[in-house]
Structure formats: structure tokens, C-alpha cells
Amino acid sequence: MKLTKTLTAALLSMTILSGVTYAATPANTLVIADALDDIITLDPGEVGEVGGIMAAKQIYQTLIAPDVTDPTKIYGVLAESWSVSEDGKTFTFKMNPAAKFASGNPVTAHDAEFSLRRVVKMASRSAFLLTQLGLSAENVEERIKATDDSTLVFEIGEPYAESFVLYALSSHSGGIVDSKLVMENEVDGDMGNAWLKQANSAGSGPFVLNTWTPKQSILLTRNENFWQEQPAMERIFFQHVPESAAQRLLLEKGDIDIANKLGADDHTSIAGNADIKTLDGSSGVIYYFGLNVRNEALAQPDFVKAMKYLVDYEGIAQTIGQGTIKVHQTLVPEGFLGSIDHNPYSLDIEKAKELIASSGVSTPVTLDAVVWNTPPYTDFAQAAQATMAQAGIDLNLLVVDGQQWLERYRSADLDIWVGLWGPDYPDPHSNAKAFAVNSDDTPDGSASLADRFGWDAGDISPRAMAALRENDNEVRRQMYEEIQLEHTDISPFLYMFQEVRRVAVRTNVENLELGLTLSDDRYWKVTKD
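Residues numbered from 1 in each chain as written. Predicted model: local features only at pLDDT ≥ 70, side-chain atom pairs only at ≥ 80, totals over all residues. Heavy atoms only, no water.

1. Some thoughts on the overall build of the protein chain
Heads up, the condition is: A run of H or I in DSSP counts as a helix once it spans at least four residues, and a run of E counts as a strand once it spans at least two, with each numbered from the N terminus. The globule rule used here is 2.2 Å times the number of residues to the 0.38 power, and the radius of gyration it is set against is calculated over C-alpha atoms. Burial here depends on accessible area, computed with a 1.4 Å probe over protein chains only, as a share of the maximum for the residue type. Under 20% is buried, over 50% is exposed, and the range in between is partly exposed. It only takes one pair of heavy atoms within 4.5 Å for two residues to be counted as in contact. A 1.4 Å probe and the Shrake-Rupley method give the accessible areas. Residues count as covered only by the protein chains that appear here. By the counting scheme adopted, Arg and Lys are positive, Glu and Asp are negative, and His together with the chain ends is not counted. The atom standing in for a charge is NZ when the residue is Lys, CZ when it is Arg, CG when it is Asp and CD when it is Glu.
A count of helices and strands for the protein chain gives 19 helices and 21 strands. The C-alpha atoms of the protein chain give 23 Å as radius of gyration, which agrees with the globular expectation for 529 residues (24 Å, within 12%). For the protein chain, the C-alpha atoms occupy an extent of roughly 70 × 60 × 45 Å along the three principal directions. For the protein chain, the proportion of its 529 residues judged to be buried stands at 58%. Considering only contacts in the protein chain between residues 6 or more positions apart, those separated by 24 or more positions represent 70%. Total accessible area on the protein chain is roughly 19,600 Å²; 47% of this is exposed by carbon and sulfur atoms. The centroid of the 42 positive side-chain charges in the protein chain is displaced by 5 Å from the centroid of its 74 negative side-chain charges.

2. Some remarks on the confidence of the model for the protein chain
The condition is simple: Every residue gets a pLDDT, meaning the predictor's confidence in that residue, from 0 to 100.
For the protein chain, per-residue confidence averages 93 on the pLDDT scale, and residues scoring 70 or more make up 95% of the total. Throughout residues 1-8 the model reports pLDDT below 50, and contacts reaching past four residues in sequence, or to other chains, amount to eight contacts. The low-confidence segment residues 14-22 (pLDDT under 50) makes 20 contacts with residues lying over four places distant or belonging to another chain.

3. Points about helix 6 (residues 162-169)
Buried residues dominate helix 6, accounting for six of its eight residues. Listed in full, the buried residues belonging to helix 6 are Phe164, Val165, Leu166, Tyr167, Ala168 and Leu169.

4. Considerations on the sheet that holds strand 6 (residues 144-148)
We apply this condition: For two strands to pair, DSSP has to find at least two bridges joining them. Here, axes are lines fitted to C-alpha atoms. For helices the fit covers the stretch in contact, and angles between N-to-C directions go from 0 to 180 degrees.
Taken together, the four strands give an open sheet; going across it, the order is 4-5-7-6, and neighbouring strands pair in antiparallel fashion. Lying at the two open borders of the sheet, with one neighbouring strand each, are strand 4 (79-84) and strand 6. Each strand of the sheet is rotated relative to its neighbour by a mean of 20 degrees, with strand direction disregarded. Relative to strand 7 (residues 151-155), strand 6 runs antiparallel, the two being bridged by four bridges. The residue of strand 7 that forms the bridge with Asp148 is Thr151. Packing against the sheet, helix 6 makes contact with strand 4, strand 5 (90-95) and strand 7, and its axis sits at approximately 45 degrees to strand 5.

5. A short note on the packing of helix 11 (residues 301-308) against helix 13 (residues 349-359)
Where we set the bar: Geometric relationships in this document are graded by angle, where less than 35 degrees denotes roughly parallel, more than 145 denotes roughly antiparallel, 65 to 115 denotes roughly perpendicular, and other angles denote oblique. Here a crossing is called left-handed whenever its near helix is offset anticlockwise from the far helix by less than a right angle, and right-handed whenever the offset is clockwise. Under the scheme applied, nonpolar residues are Ala, Val, Leu, Ile, Met, Phe, Trp, Tyr, Cys and Pro; charged residues are Asp, Glu, Lys and Arg; polar residues are all the others, including Gly.
Interhelical geometry of helix 11 versus helix 13 gives an angle of 165 degrees and a closest axis separation of 7 Å. In terms of orientation, helix 11 and helix 13 fall into the roughly antiparallel class. With respect to the hand of their crossing, helix 11 and helix 13 are arranged in left-handed fashion. Two secondary-structure elements touch here, helix 11 through Asp302, Phe303, Lys305 and Ala306 and helix 13 through Ala352, Leu355, Ile356, Ser358 and Ser359. Looking at the contact of helix 11 with helix 13 residue by residue, the classes come out as five nonpolar, two polar and two charged.

6. Overview of helix 18 (residues 460-469)
The cut-off we apply is this: What the arc describes is the spread of directions from the helix axis to the C-beta atoms.
For helix 18, every residue scored as buried is listed here: Ile460, Ser461, Ala464, Met465, Ala467 and Leu468. For helix 18, the angular spread of buried residues about the axis comes to 155 degrees, placing them on one side. In this fold, the buried residues of helix 18 make contact with helix 6, helix 16 (429-436) and helix 19 (473-490).

7. Concerning the side chain of Asn438
Rule in force here: Pairs of N or O atoms within 3.5 Å make up the polar contacts considered here, provided that, within protein, one atom can donate a hydrogen while the other can accept it, and that residues adjacent in sequence are counted only when both atoms are side-chain atoms.
By secondary structure assignment, the location of Asn438 is in the loop between helix 16 and helix 17 (449-452). Among the polar contacts made by the side chain of Asn438, one reaches the side chain of Asp451 at a distance of 3.1 Å.

8. Section: the packing of aromatic side chains
Stated formally: Here a Phe, Tyr or Trp ring, Trp counted by its six-membered ring, pairs with any other such ring whose centre lies within 6.5 Å, and the pair is stacked when the planes are under 30 degrees apart, edge-to-face when over 60, and tilted otherwise.
Under the counting rule described, the total for this entry stands at 22 aromatic pairs. Measuring from centroid to centroid gives 5.9 Å for Phe238 and Tyr523, while their planes differ by 70 degrees, and the two rings are edge-to-face. Highlighted residues: Phe238 in strand 10 (residues 235-240) and Tyr523 in the loop between strand 20 (509-510) and strand 21 (527-528), separated in sequence by 285 residues. Residue Phe238 is classed as buried on the basis of its relative accessible area, which comes to 1%.

9. A short note on unusual backbone geometry
With an omega dihedral of 5 degrees, the bond running from Thr363 to Pro364 counts as a cis peptide bond. In this fold, Pro364 is placed in the loop between helix 13 and strand 15 (365-372). Of the consecutive residues Pro375 and Pro376, the connecting peptide bond is found in the cis state with omega at 5 degrees. Note on placement: Pro376 falls in the loop between strand 15 and helix 14 (377-388).

The structure is reproduced here in C-alpha cells:
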């Protein structure tokens, strides 16, 4: 069904500034408020931003996926079965013959071959999710092969934990595109990137891209050729509303169905509203300060450790978080293999001053901290600014929009980044690779957060890679536990909190599945009474 021009205009103009209100959202449309100003592409071969992944997950499907209720269970999506060779290096997938794209074209192993090769050849920021398996532009055509329409052979460089390989293929970079349609729209050898980047989609998922207006909204419409159970919703409309209070007001008025970014105060405000309910879910998101050790002061280990004593973790969790975060000071999220209860730091001004003195850094010292202009980042930064000032560390808060926030982070053009890490898949290596592995120890040479912030992880890096190669889960668990005890103390990552997922929805919204990882919520099962 095509969207009428009148409804399109109404939805696209529904911003907090417009003043447009409804008694309720349209019965066939799911309206979601979130922060969308970080998105730069919707091409599954390169998407990597929070909002972009959230939308892409509704459009594209992967070969396999983890069960949201039990991530140890992996089920087939576009692949109906798979097997692994005795040496652990070759994965053979049998495609589901019922699967088809929104175009009506069948989903074949050749589409999977094209899509996975494409990610590697495009060499975007998200390509590491596949290149970390030993794939490169030089070997990908040899290692990813469709032997016929129904069989995909996927070979990795060396044996890794089997679950890790499957989790990596279930990430957003594993989204399969309609190769015929994409190549019909190739320009100058870009493999359809310009066509897919903003205005078009070529997936097999429950929705297709209708309109994306950067920093404003994304409109998805139902895939009428969807090969599985048709979504009840004809449309999903993501509206850019970064402010928590604005999301709450829209939710209370019935102008939106889901508020993804409510702060603790606004969750408290809606507690007695009979028209709104709160859904709780698991989240692997970790909030942290990344400290760039290229800065002279931040290159001093005792100074970095001092900063870890200059955050009022419990106070922030209680007064700002109010049930939406919990103190977490290690790299593996609670609920993942290898997670530990280890929170050695608390606010201790005198201890911090002693460490600063032993570091040789003269105070006062000013550090630039780049902060996304949306809660909870601004709240965390302001709270830390107040306590760090008591030890002579002045945080100069550079509050910017989502795209600038990511650009400064990716270019390492900063002293401190106030940010988050959401694992790309429910395996500890998603975080260990980011925070503890240097590029020299990876098969593809891809840079990590450790590299980005200028930190040499020493022997922690090869130890983390050794844990990745271990197939015995108990041994692997112990390896990650040992790594974290050391990493928390010596790394330039000031871990603060793990998110406690809380999403506010109108009471007539049913069957929303909250995902296990960043931006993995599943909206295609939603119904509205």
C-alpha cells in the first residue's frame, strides 16, 4: 500500500517544534521517538551508527540470528541450516528456499556471497566485523563462495570459537542485499553504495525504506512481498527527538507510540499514567570516558587512575540514573560470557590528589571532553566535571550533535570522549576487540578503540585474541575474567555504567521485542490494540 501524500506530509512534519498533535497515532503506523542525528548512511555494507543500525535491522535479514530470550541459541533466518568442518575453519550454509527479497527476487547463496564480499571490498568502518575473521579484499572471493543457488561456503582464516563466528555473521554487517537490484544501480564501480546510502533499500526484511530526511526522520513501509509473517504495522516512522522531556510530552499526548530515550526523571513522571507502560530489557551498552593518551597528562598512568577516583558513580546512578543504569567498571557487559562483578573505583578526592601528585602532572589542567548534546551524556559529563574540578582537573565540555560527536571520536581529535559502546553481537570479543586488542594482533590489522585512543595494551592484546580462539567456554570464561581484572586498572577507559534498558510505550502497543545488542529492537511483531 502506498502512503498518501497527506499522511506523508503529516508524519514528516511531526516534530516538537511543529505543534502538530493527534488524539492517537494512526492505527497502522508505529511512531518511535529517538535521537537520529548520528546517522550518515543506511547501506548495510557500511552502516555503523546507532540510529542507522536500528532502521537497517528492520529492512535487512542475516543468515542466522541469536534468540533474544536466550542468546546461546542461534537460529536460521535466510539460512535454514549450517555445518562446520572438523578444523573449525569452514562454515557451510544451506539457504532457505522460501526466502525472497522485497523486489520479488529469490534470496540465493549468490546474493549472500555478493553481500558479504561487498562489505569486505567496500572497506567501511563496519567491515571489521567480517575482516576480523581473516577476510580481505585479496582473499574474499576465494573464501566466500556460492557453490550453487542454495549453498554458501564461508571460510575463515583460522579456527575461532564457533559461536563467535556465527554471532559476527548475525551482526548488521551480515545483512543480505538483493544483488541483482543493487548491481542494476551501480555507478562507477560503487556496488550500489550511492543508491543504497540514503534513498533506497534492497532487503528481504519486513520493511522497506520509503524516506530518510537526515537529522529529522526515517519512514519505513511494509514489505508487501515479505516471505515470513506479514507485520501488522504498515509503516514505521522514526522521529528525531533527542530531548527526553520532549519525548515524554509526545508520548503523553499520544503523538508517538514509543519513547526510546527517556531519562530517569521522565520515567518517574509517567509512572502513574494509565496510558503508558514501561518495558524492561537486557542491554549490553556501557557508558565510559575514553581518554586519549596522546595528551601529555593522560599519558601518565597515575593521572588516569586518579580520574577513575573522581567520578561519583553511586551518586550518579542514584540521582541521575534512578534505575536506568548500574555501576559497571569492566569491559564485558553483565550477562555475557566472562562478565565479572568488579567495581574497584568510587569517589575519593584525596586518593585522586595523591595519584595526581605521584604522576608529576601539575594542576590545574584543562582537558577538552566531547559530549553528545543529548541525555544521559550531558548529565554524566556535568556530574564528572563538578567532582574532577575538586582535584584541579577542569573539563571543558564541547557539547555537539551526534554526527560531530562521532567525527571527533573517529578522528581522535579530542582529549576525552564521553560516549558509549554497544556490542555488535552478544559475544565478549565484541568488547574485547574494541577495548583491549591492538591492530598488530588482529588478522586484518583493523584499528580498535585502544588504537584510536593511542593505547598500547601490551600482553593483554594477544591474550584477548587467544581467548577468541578458545572453544572451551569454561576456559574462555576464565581468560576473559583475568583480562578484565588487569584491564580495568591500567587502560585509559574510565568505565562507569551499564545501561538498564527501559523503554516507554503506549499501553496499546504489544509484542515489541527488545534486542540483545545495540539497536537490535524488533518492531515487525508489534501490534496496536
